[in-house]
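Coordinate analysis (summary)
So you can see what is in the structure, the chains are spelled out below.
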2 protein chains.
Amino acid sequence: MDTPVNAEVPTPPDPFFTVRTRLDGQLGRTGTIHTPHGDIATPSFVAVGTKATVKAVLPESMKELGAQSLLANAYHLYLQPGPEIVDEAGGLGQFMNWDGPTFTDSGGFQVMSLGVGFKKVLAMEAVGVQSDDVIAKGKERLATVDEDGVTFKSHLNGSRHRFTPEISMQIQHQLGADIMFAFDELTTLLNTRGYQEQSVERTHAWAVRCIAEHEKLTAERTHRPYQALFGVVQGAQYEDLRRQACRGLESITGESGRGFDGYGIGGALEKQNLGTIIRWCNEELPEHKPRHLLGISEPDDFFVAIENGADTFDCVNPSRVARNAAIYHPDGRFNINTSRFRRDFTPIDENCDCYTCANYTRAYIHHLFKAKEMLAATLCTIHNERFTVRLVDQIRDSIDGGYYAEFKAETLGRFYRP
Amino acid sequence: MDTPVNAEVPTPPDPFFTVRTRLDGQLGRTGTIHTPHGDIATPSFVAVGTKATVKAVLPESMKELGAQSLLANAYHLYLQPGPEIVDEAGGLGQFMNWDGPTFTDSGGFQVMSLGVGFKKVLAMEAVGVQSDDVIAKGKERLATVDEDGVTFKSHLNGSRHRFTPEISMQIQHQLGADIMFAFDELTTLLNTRGYQEQSVERTHAWAVRCIAEHEKLTAERTHRPYQALFGVVQGAQYEDLRRQACRGLESITGESGRGFDGYGIGGALEKQNLGTIIRWCNEELPEHKPRHLLGISEPDDFFVAIENGADTFDCVNPSRVARNAAIYHPDGRFNINTSRFRRDFTPIDENCDCYTCANYTRAYIHHLFKAKEMLAATLCTIHNERFTVRLVDQIRDSIDGGYYAEFKAETLGRFYRP
């Protein structure tokens, strides 16, 4: 233990979050999250660097394209290189050469979903109901949940591991991101109402343990800046469960009396209910704490989430689809791999301000994909991340500038024009 | 044809090449090649971007690491995207966002070696001798040479194609690099003396046709800056053939009377005879024209080649081995994939001035390889290319500064210390 005697226990920046402009008659707002590694103007898109790298892109390129913060995955970094390596390196940001704010997720989603064959589907030994036991045919069950935590097999080599709320907190403290998430249980829309009720209770109990472990680790690790902890709201599509989950999380204050620094809205979310569910949560959650929505990146989803009070978002999609030649454009998504781009010597988007659009033609990028060159992924990821970051930045500006409704109508009308 | 009437026929920069400092008692020299896209201080390493991209690295990174020029491959770009696409894009440099000098090779090496199974091995229908007919077992013969050119199958899809000296010139003019190479016949050390004699004669005849086609295309394509053409010296390990080949190439002057703008030393070269063969050639070749050596990148080879009068070099090795985690270091090459680097929080080389060494640890790069992340290739390629470019730059400085022998002894003593 390298903690100096009587060293001061790190505390959050004060204020941690400030609200600037409110959207008239709705829950949306602009604001700023203050972290030890800089501010995040919200609403903001958080780019994903799963294994401590945004795939195929240098961190300087991420900064240049306007990414304010990055999110890495505790599960992946736990397996490789191991959280103690990242800790010794000085934490996630220093390890990966990113001096801005960082997030890590809790690992909950990955340990319960990876390898099972269906996304957001897992099985629990204690429950026999068919709909709580859905796994893909021919797939081995890789994760089992009990009251204390989750036992799972590595998707890399099948080795057995166990995550509990305490272990997730220990890993995330070692990773050292500015914003962490509590370890929650993942459920799916296929689970029964009864299972969802139990799950909300279990997630609440785990949240209590996360806060306790977080406060203990914060007091021990005085050589590191304060890491904020967000509670995660479950409750699937049930209004009463969502509201109950939010009130429950808010009631957890820990020894410091501070409670969670913010909240993540997680779990099963159908696109058509997205706004409604986020609204239920944000009507309950305290206004002065930021709210993160896990895993969205489509233009219409951003508007729905933001006007219902979500502040930050992360998603692998802009980079994942870029590696498959799918390009975001104000007029909709298209695939640059198709032959019509073979001799198209215009940029992806003439009005885009990204590095790729400033320097390369569609014909060149098309060639890179055909030639299976790595630079294809680099250039398209830069463009898609810029598109996504800029869209959320523009929504923020439109709220601050009082023209949100017009901007929304114009943007969505153009992107989804049939 | 978009040539303006009476447009002036492009001519080489005058002078195209200037010699600055000579190495006492040896053939080595420093100098400058002047191209329409900028100067190349020689000796210089030319980084390879086979398919109009240095694999995994942005062109700005190549510029930042000191690469003065890039070389692309006519064969690969002929198959994908097709030379007419590169031409329409404004030429190789504009297509790939590189505003510095560019080279293309003739495609000869690739059409005669790719897919055959042995490097630098091909077969000729007309010759029955076993040693001129070596292909790997189970491999189909993909290329056949006749007096007029080479017929070959694409390594991508097996489609049949034909290169002649004229076609190679047409392709290379469409690609638009500042420096091109004449289409030569590739032989191997396994070929008979008799075959090598015929091959030198054939390569000479092809060189005559290359100059003629080059002059015709130069006169036609007045909208483009002058492209320099280098003749290629064959002759394998035979002194008389090498000297004869050089004198032959020098005697070809074309209609303009200018002849080749420089020379490439190609063909079969055993490491232990490298210096001797280069010396034979450069004792024959005119002093005021630059000489390129195809395909070397090892530190000892650079010294041997440079002191025997070679000016520029290209090689895929620094980037190819980087993608397999092999790292160049002043103390020798090592593999960063091995477990001893797992928690090594020092840079690859503390004294290296490259982007990778300034910003990343061995532990992080090790992690990227273990995690199969593309950034591993990017960071290691940047380092290896910087190592190689800098080494040749330092050799140049040592000749200009009069301390070549000391620099050579120190560098090789350190790199190859057992």
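Reference entry: report on the structure contained in this document. (Residues numbered from 1 in each chain as written. Chains lettered and ligands numbered in written order. Predicted model: local features only at pLDDT ≥ 70, side-chain atom pairs only at ≥ 80, totals over all residues. Heavy atoms only, no water.)

1. Focus on helix H9 (residues 274-284) of chain B
Residues and elements named next belong to chain B. Note the threshold: Partly exposed residues are those whose accessible area sits between 20% and 50% of the maximum for their type, while under 20% is buried and over 50% is exposed, using a 1.4 Å probe and protein chains only. Secondary structure counts use DSSP, requiring at least four H or I residues in a row for a helix and at least two E residues in a row for a strand, with both numbered from the N terminus. Working rule for contacts: check all heavy atoms of both residues, and any pair within 4.5 Å makes them a contact.
Here H9 lies mainly inside the structure; 8 of its 11 residues are buried. Regarding H9, the residues found buried are Leu274, Gly275, Ile277, Ile278, Trp280, Cys281, Asn282 and Glu284. The elements touched by buried residues of H9 are strand E11 (228-233), helix H8 (239-251), strand E12 (262-265), strand E13 (291-294) and helix H10 (299-307).

2. Some remarks on the relation of the copies chain B and chain A
For clarity, the threshold we go by: Superposition of the copies used a least-squares fit over C-alpha atoms from residues whose pLDDT is at least 70 in both.
Aligned on chain A, chain B shows an RMSD of 0.0 Å; the corresponding rotation is 180° and the shift along the axis is 0.0 Å. Such values leave the two copies arranged in the relation of a two-fold axis. A shared interface surface links the copies, since 100% of the contact residues of chain B are contact residues in chain A too.

3. A short note on the state of the cysteines
Quick reminder of the rule: By disulfide we mean two sulfur atoms from cysteines, separated by a distance within 2.5 Å.
A complete count under the given rule lists 0 disulfides over all chains for this structure. Note on Cys357(A): no disulfide assigned, nearest cysteine sulfur contributed by Cys354(A) at a separation of 3.8 Å. Free of any disulfide, Cys315(B) has its nearest neighbouring cysteine sulfur in Cys380(B), separated by 17 Å. Overall, Cys315(B) belongs to the buried group, its relative accessible area being 8%.

4. Details of the pattern of salt bridges
Residues and elements named next belong to chain A. We count it as follows: The term salt bridge refers to a side-chain nitrogen of Lys or Arg lying within 4 Å of a carboxyl oxygen of Asp or Glu.
Scanning all chains against the criterion turns up 70 salt bridges over all chains. The residue Glu287 makes a salt bridge to Arg29 at a minimum N-O spacing of 3.9 Å. Taken together, the residues Glu287 in the loop between helix H9 (274-284) and strand E13 (291-294) and Arg29 in strand E2 (residues 29-35) connect sequence positions 258 residues apart. We note a salt bridge from Arg386 to Asp353, for which the minimum N-O separation is 2.8 Å. With Arg386 in helix H14 (residues 374-401) and Asp353 in the loop between strand E16 (334-335) and helix H12 (355-359), this residue pair connects regions lying 33 residues apart in the sequence. Assessed through its relative accessible area of 13%, Arg386 is described here as buried. The network of salt bridges with shared partners includes Glu239, Arg243, Arg247, Arg279, Glu283 and Glu284.

5. Some details on the sheet that holds E2(A)
Sheets are built from strands that pair by backbone hydrogen bonding, the pairs being arranged parallel or antiparallel. Residues and elements named next belong to chain A. Condition: Only strands joined by at least two bridges in the DSSP assignment are considered to pair. Fitting a line to C-alpha atoms yields each axis, with helices limited to the stretch in contact; the angle taken between N-to-C directions then spans 0 to 180 degrees.
With antiparallel pairing, 3 strands are arranged side by side in an open sheet as E1-E2-E3. Taken across any chain shown, the strands that pair with only one partner, and hence form the sheet edges, are strand E1 (17-22) and strand E3 (38-42). Geometrically, the sheet is characterised by an average inter-axis angle of 15° between neighbouring strands, direction not taken into account. In this sheet, E3 lies alongside E2 in antiparallel orientation, the contact comprising 5 bridges. Note on E3: the bridge partner recorded for Thr32 is Ala41. Sitting on the sheet, H14 touches E1, E2 and E3, and the angle it makes with E1 is about 65°.

6. Description of the packing of aromatic side chains
Residues and elements named next belong to chain A. The following threshold applies: Side-chain rings of Phe, Tyr and Trp (the six-membered ring for Trp) are treated as a pair once their centres are within 6.5 Å; stacked means planes under 30 degrees apart, edge-to-face means over 60, and tilted covers the remaining angles.
Counted under the stated rule, the structure contains 40 aromatic pairs over all chains. Ring geometry for Phe163 and Phe183: centres 6.1 Å apart, planes at 65°, overall edge-to-face. Of this pair, Phe163 sits in strand E9 (residues 160-163) while Phe183 sits in the loop between strand E10 (179-181) and helix H7 (193-220), and the two are 20 residues apart along the sequence. Side by side, Phe163 and Phe183 carry an identical accessibility label, which is buried. Both rings, one in Phe303 and one in Phe407, keep their centres 6.0 Å apart while their planes meet at 45°; by these two values the pair is tilted. Linking Phe303 in helix H10 (residues 299-307) with Phe407 in helix H15 (residues 404-415), this pair joins segments that are 104 residues apart in sequence.

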